[in-house]
Amino acid sequence: MSSGSKSEAVQGATLIAPPFFYALLVLAAPLFTIVTYSFLTDGYLEVVRDFTLDNYRHVFTDPIVRSVMMRSLGVSMMVTLVTVLLAFPVAYYVSLVVRPERKALWLFLITIPFWTSYLIRVFLWKVILGYNGVINSSLTGLGLIDEPLTFILYNVNSIVLTLAHAYAPFAILPIFVALEKIDRSLLEAGRDLGESRLMTFWRVTLPLAMPGVIAAVLIVFIPTIGDYVTPTVIGGGKIPMIANMIQVQMLDLDNRPLGSALAVTAMLIVAVVSGIFLFLNRRFLRVRR
Amino acid sequence: MRSGALQGGGLRIYALLYLLFLYAPILLLPVFAFNSGTIIAFPLKGFTTDWFAQMWADATLRRALTNSLTIAVSSSIFATCLGIFAARASTRFSFRGKGPIMGFIMLPMVLPEIIVAMSLLVVLLGAGVQLSILTVILGHTLICMPYAIAILSTAFSSLDPSLEEAAYDLGETKWGAFRLITLPLVMPGVISALLISFTISLDEFIIAFFLAGNEPTLPTYIFSQLRFPALIPMIMALGTVLVALSIVLLALGEYFRRRSLAKTGGKNTGGLL
């Protein structure tokens, strides 16, 4: 038996080797490189191999960097909040109200927009919200407004709206999966024991759905903080987020150490915020086991 | 009972409105793709198919399409092959460090793409590698792999191990059993993984933007055209074609995913993710 499990371990390790080495080569090595670069000095057209903490000093003291970091963090938190709040009732509806044989259709309908060109979807929001866009031209055409509304484009709100739209399925699916796992008899028990519908939701459904909500929050929060397309297209380049700043330092200004330090800091911030969030919600995750 | 029906009704209206919000931008695509006005605004001018003709005649677009197809086909094949190894290993065997290794392989799913693209770019430039569609394939394979693994793991885990054991007992070699029993049973999952990887790669912008050098791909071509207002109607036409294409691919992927579940006796629990 022991030799059997040993050969099984060897087989498993052999099988996992090709994808693992690919990820080591194409993901781990590059990540290791930018971590190393972030501690080196920038020279003209090259990276000088002198250890320094100046890049991080710059990242943490420069007011522009700080404002861009805070904006990225603010935007992605706002997007996460909006997306998850809007998505929860939809996941609840599909899981607990829709008939079982119709669920697959609903999920299919929800995922289709996600698979269509991200760039075009983002651009379409610009078309909808723009100065001469769909909303403004319709409203002026109907005589409801005289001047196009300017507050709906090139600002943080339009970035939040666009991202909330783009990440909607990411929030719905994990919550749906968590709701599907709930034993339906628990909900009936809550009702039978005299709880109101609202209290059953609050004390039974929501705590049991929390692992899904937590997954949704992380799945939306982590990629949005590094989004490049939306601030570029919707913000018109005037409201950069951290991804735009990394790109400018790395390529336009050719300061790879500083660009690397920005990237590493952004990853650290994401990791710390996610860690704090998981820690605050640890009791919901323990329930699942 | 009445209040229950009422609550369901309210939620239903909300869910339908939410679907409308999800689809609103996409529904505008065909509207403006067939509109003869050059400005994307209401009221509409008239019907035209000029934008599709203009799109068809664009040589750069055709080059971008060829590049994108080459990249998407190659990356989806590489990602699915690597995914088969990982999904098989994670569902069938237990080995040391399985959790961390699988977590690491799945990491690109949650890592911001700009980080993947930038770190890879820095290494490639540092190593003196010429940027081309090959470097894009390298990056796309990495980001498609976790999605392929997620789909393939479902296919492999709903597989009954006794079928393989029966094949061994009847004298098949490991490879023979895999080729004759396992692979045909997970085939729908493999096709589904190929289609999803293909769709992701075809649509991916960030990695293509930074790693393609001077070669255009569809998304980077679209991005470069967005600056010119006169070209927007043509982009709307292109968007219409792309959306129609994705829906067809997705419907195919969904069809094969369901067949895979039916074949291996699994329960249909829903979506593609």
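For clarity, every value in this text was computed on a predicted model and none was experimentally measured.

Enquirer: Teacher, can you tell me more about the overall build of chain B here?
Expert: The helix and strand inventory of chain B stands at eleven helices and zero strands. Mapped from its N terminus to its C terminus, chain B presents α and β elements in the order α-α-α-α-α-α-α-α-α-α-α. Expressed as lengths along the three principal axes of its C-alpha atoms, the size of chain B is roughly 70 × 70 × 30 Å. Here chain B holds 273 residues, and 46% of them are scored as buried. Here the analysis covers contacts within chain B between residues at least 6 apart in sequence; of these, 77% occur between residues at least 24 apart.

Enquirer: What is the right way to read the overall build of chain A from this model?
Expert: The number of helices and strands found in chain A is 14 helices and two strands. On C-alpha atoms alone, chain A measures out to a radius of gyration of 24 Å, which is more than a quarter above the 19 Å that the 2.2 N^0.38 rule sets for 289 residues. Projected onto its principal axes, the C-alpha coordinates of chain A cover approximately 80 × 75 × 30 Å. The contacts in chain A between residues at least 6 apart in sequence include a share of 71% that link residues at least 24 apart.

Enquirer: How should the interface of chain A and chain B be read in this particular structure?
Expert: Every contact between the two is made by 73 residues of chain A and, on the other side, 66 residues of chain B. Here the side of chain A that touches chain B takes 20 residues from helix α1 (residues 2-37) of chain A, the largest share from any one element. A breakdown of the residues in the side of chain A that touches chain B according to their chemical character gives 53 nonpolar, 15 polar and five charged.

Enquirer: Honestly, helix α8 (residues 174-203) of chain B in this entry has me stumped. Any pointers?
Expert: With 30 residues, α8(B) should cover 44 Å at 1.5 Å per step; its first-to-last C-alpha distance of 38 Å lies more than 12% under that length. Considering bend angle alone, the principal kink of α8(B) is centred on B:M187 and spans about 55°; proline B:P188 follows within four residues of it.

Enquirer: It is not clear to me how the environment of B:L19 should be interpreted in this structure. Could you clarify?
Expert: All names here are of chain B. Along the chain, L19 falls in helix α1 (residues 2-33). Overall, L19 belongs to the partly exposed group, with 17 C-beta atoms counted inside 10 Å. Separated by 230 residues in sequence, L19 and L249 have C-alpha atoms that sit 21 Å apart.

Enquirer: I keep staring at the environment of B:A208 and nothing clicks. Help me out?
Expert: Residues and elements named next belong to chain B. As for its position among the elements, A208 is in helix α9 (residues 206-211). Assessed through the 29 C-beta atoms surrounding it within 10 Å, A208 is described here as buried. Along the chain, A208 and F223 lie 15 residues apart, while their C-alpha atoms are 11 Å from each other. Discounting chain neighbours no more than four positions away, the residues touching A208 are V136, T217, P219 and T220.

Enquirer: Quick question: what am I supposed to make of unusual backbone geometry here?
Expert: Excluding glycine, residues mostly have negative phi values, and the peptide bonds linking residues are mostly trans. Of note in the backbone geometry, A:D254 takes a positive phi value of approximately 50° without being a glycine. Here A:D254 is to be found in the loop between α12 (242-252) and α13 (256-280).

Enquirer: What is the right way to look at the nonpolar core in this model?
Expert: Buried together is how nonpolar side chains tend to be arranged in soluble globular proteins. A:I175 and B:L152 are the most contacted members of the largest nonpolar core, which totals 155 residues. Per-element accounting of this core gives the leading share, 15 residues, to helix α6 (residues 133-157) of chain B. The contact partners of A:I175, leaving out residues within four places of it in the chain, are A:A87, A:F88, A:A91, A:A209, A:G212, A:V213 and A:A216.

Enquirer: Looking at this structure, how should I read the packing of α6(B) against α8(B)?
Expert: Between two packed helices, what matters for the description is the angle formed by their axes and the separation of those axes. Residues and elements named next belong to chain B. Across the interface, α6 lies against α8 with an axial gap of 9 Å and an inter-helix angle of 155°. One element, α6, and the other, α8, form an angle in the roughly antiparallel class. Relative to α8, the crossing made by α6 is right-handed. Facing H140, I143, C144, Y147, A148, I151, L152, T154, A155 and F156 of α6, the residues of α8 in contact are V186, G189, V190, S192, A193, I196, S197, I200 and S201. The class makeup of the residues in the contact of α6 with α8 is 13 nonpolar, six polar and no charged.

Enquirer: Would you mind showing me how to read α13(A) here?
Expert: One full turn of an α-helix is made of 3.6 residues, so residues set three or four places apart face in the same direction. Taking 1.5 Å of rise per residue, 25 residues should cover 36 Å, and α13(A) covers 36 Å from first to last C-alpha, within 8% of that figure. Taken residue by residue, α13(A) has A:R256, A:P257, A:L258, A:G259, A:S260, A:A261, A:L262, A:A263, A:V264, A:A266, A:M267 and A:V270 as its buried positions.

Enquirer: Before we go on, may I ask you to explain the environment of B:I232 in this structure?
Expert: Inspection of the secondary structure assignment puts B:I232 in helix α11 (residues 232-264). For the pair B:I232 and B:G171, spaced 61 residues apart in sequence, the C-alpha to C-alpha distance is 63 Å.

Enquirer: I'm lost on the confidence of the model for chain B in this one. Help?
Expert: Do not read the fine detail of predicted coordinates wherever pLDDT is low. All names here are of chain B. Averaged over every residue, the pLDDT of chain B is 84; the share at 70 or more is 91%. Predicted confidence for residues 1-6 stays below pLDDT 50, and this span has zero contacts to residues more than four positions away or in other chains. With pTM at 0.83, the complex prediction returns an ipTM value of 0.81.

Rules used throughout
- Residues numbered from 1 in each chain as written.
- Chains lettered and ligands numbered in written order.
- Predicted model: local features only at pLDDT ≥ 70, side-chain atom pairs only at ≥ 80, totals over all residues.
- Helix = DSSP H or I, 4+ residues; strand = E, 2+ residues; numbered from the N terminus.
- Buried ≥ 20, exposed ≤ 12 C-beta atoms within 10 Å, placed from the backbone.
- Contact = placed C-beta atoms within 7 Å.
- Rg over C-alpha atoms; globule rule 2.2 N^0.38 Å.
- Nonpolar A, V, L, I, M, F, W, Y, C, P; charged D, E, K, R; others polar.
- Expected span 1.5 Å × (residues − 1).
- Bend = angle between axes of the 7 residues up to and from the residue.
- Core = buried A, V, L, I, M, F, W, Y, C linked by C-beta atoms within 7 Å.
- Axes fitted to C-alpha atoms, helices over the stretch in contact; angles between N-to-C directions.
- Parallel < 35°, antiparallel > 145°, perpendicular 65-115°, else oblique.
- Left-handed = near helix turned anticlockwise from the far one by under 90°.
- pLDDT = per-residue confidence, 0-100.

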